[in-house]
Amino acid sequence: MSNLLSGTLYIKVDGTQYLAKGSFTVNVTPTQREGVAGLDGTHGFKETPKVPYIEGTFTTQPGFSIDTLHDHDDVTVTVELANNTAYMLRSAWFAGDGEINADDAEITGRFEGMSGEQIK
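Residues numbered from 1 in each chain as written. Predicted model: local features only at pLDDT ≥ 70, side-chain atom pairs only at ≥ 80, totals over all residues. Heavy atoms only, no water.

### A look at the packing of aromatic side chains
The geometry of an aromatic ring pair comes down to the distance between the two centres and the angle between the two planes.
Next, step 1: One pass over the structure, following the stated rule, counts three aromatic pairs.
Next, step 2: Measuring from ring centre to ring centre gives 5.8 Å for Tyr18 and Phe58, while their planes differ by 70°; the resulting arrangement is edge-to-face. Of this pair, Tyr18 sits in strand β2 (residues 16–18) while Phe58 sits in strand β6 (residues 53–59), and the two are 40 residues apart along the sequence. In this pair, the class of Tyr18 matches that of Phe58, namely buried.
Next, step 3: Consider the rings of Phe24 and Phe58, whose centres lie 5.3 Å apart with planes at 90°: the pair is edge-to-face. (Phe/Tyr/Trp six-rings, centres within 6.5 Å; stacked < 30°, edge-to-face > 60°. Helix = DSSP H or I, 4+ residues; strand = E, 2+ residues; numbered from the N terminus. Buried < 20%, exposed > 50% of the residue type's maximum accessible area, 1.4 Å probe, protein only.)

So this is what it looks like as structure tokens:
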């Protein structure tokens, strides 16, 4: 068993691999819980649905098309982490604003989906 915890990351959108630069966040939990308190103490919690997402910074390599990235809709997004875990978004869309940082040849992108899960 490897002791590798983090570092390498691969992201694919409908099988096409993008150049992952860094700062990736994955959240596929379906709900968020928030405590409910009354004047007499804690009453329990409420649970609300969440939109699962994967977001991070991509390198805009030669041939990169912001239009293609922006047009992603109803795609499958997978991300594989260095610690041998992987996550998937189903029926996903590009939800970022498309701002490109020309100095560093990068774009911060966010994919959101109808459902998300850990697949390994």
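### What to know about the layout of surface pockets
Next, step 1: Within this model, the largest pocket holds a volume of roughly 170 Å³.
Next, step 2: Forming the walls of the largest pocket are 15 residues, and the residues nearest its centre are Gly7, Thr8, Leu9, Phe24 and Leu81.
Next, step 3: Of all the elements, strand β3 (residues 20–27) adds the most residues to the lining of the largest pocket, at seven residues.
Next, step 4: Partitioned by chemical class, the residues of the lining of the largest pocket number seven nonpolar, seven polar and one charged. (1 Å grid on protein atoms, 1.4 Å probe; cavity = no way out; pocket = protein on both sides within 12 Å on 5 of 7 lines; lining within 4 Å. Points joined across faces, edges and corners; volume = space filled by probe spheres on them. Nonpolar A, V, L, I, M, F, W, Y, C, P; charged D, E, K, R; others polar.)

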